[in-house]
Amino acid sequence: MKSGKKIAKERINILFREAEKIFNENPALSKRYVFIARKIAMKSNIKLSSEQKRKVCKKCRAFLFPGKNCIVRTNSKTKSVEYLCKDCGNKNRYGYSKEKSSLRRRSLKE
Ligand SMILES: [Zn+2]
């Protein structure tokens with residue numbers, strides 16, 4: 001069971017890496033890769049790292065590539081980082097703090 005999770009995690013890491021690599025050529029394919037990565041995560045009952053979560057638009061599930069289809073802005077008022085998805089216009093907001101519970105609370109609200 002433990003090793004299965006490890007393999008799943010590795011596959012997810014690879015998929016995210018490939019999504020980043022292929023993005024310039026084929027953004028649709030990178031979206032597909034992160035879709036598969038999320039499916040693996042769900043199936044294996046593992047969580048994506050916060051870094052990986054930030055790379056996926058919460059609304060349209062597109063792979064977010066800062067400077068390409070995504071604008072990253074920091075908001076000092078709300079102490080958060082905003083990832084504006086150019087594909088659907090959704091603002092994905094994440095707190096500065098790496099504390100996981102606050103991230104979860106935030107995503108539940110939306
Ligand atoms: Zn989006």
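Caption draft 1: Examining unusual backbone geometry more closely. We note that R61 has phi near 65°; this positive angle belongs to a residue other than glycine. Its location among the elements puts R61 in the loop between α3 (50–53) and β1 (70–75).

Caption draft 2: Region of interest: the coordination of the zinc ion. Around the zinc ion, the protein contributes the donor atoms C57 (SG), C60 (SG), C85 (SG) and C88 (SG), which lie 2.3 Å from the metal centre. C85 gets classed as buried once you look at its relative accessible area, which sits at 1%.

Caption draft 3: Up close: the side chain of S80. One can find S80 in strand β2 (residues 80–85). In this structure the side chain of S80 is engaged in a polar contact, spanning 2.7 Å, whose partner is the side chain of T78. With near-sequence residues (within four places) excluded, S80 lies in contact with R73, T74, N75, R93, Y94, G95 and Y96.

Caption draft 4: The sheet that holds β1, seen in detail. Spatial ordering of the open sheet is given by β1-β2-β3, a layout of three strands whose pairing is antiparallel. The strands lining the two open edges of the sheet, one partner per strand, are β1 and β3 (91–95). For this sheet the average axis-to-axis angle between neighbouring strands, irrespective of direction, equals 20°. Judged from the five bridges that link them, β2 and β3 form a sheet pairing that is antiparallel. Each bridged residue has a counterpart across the sheet, and for S80 the counterpart in β3 is G95.

What counts and how
- Residues numbered from 1 in each chain as written.
- Predicted model: local features only at pLDDT ≥ 70, side-chain atom pairs only at ≥ 80, totals over all residues.
- Heavy atoms only, no water.
- Helix = DSSP H or I, 4+ residues; strand = E, 2+ residues; numbered from the N terminus.
- Donors = N, O, S within 2.8 Å, 3.2 Å for Na, K, Ca; no water.
- Buried < 20%, exposed > 50% of the residue type's maximum accessible area, 1.4 Å probe, protein only.
- Polar contact = N/O pair within 3.5 Å; in protein donor to acceptor, adjacent residues only side chain to side chain.
- Contact = heavy atoms within 4.5 Å.
- Pairing = 2+ DSSP bridges.
- Axes fitted to C-alpha atoms, helices over the stretch in contact; angles between N-to-C directions.

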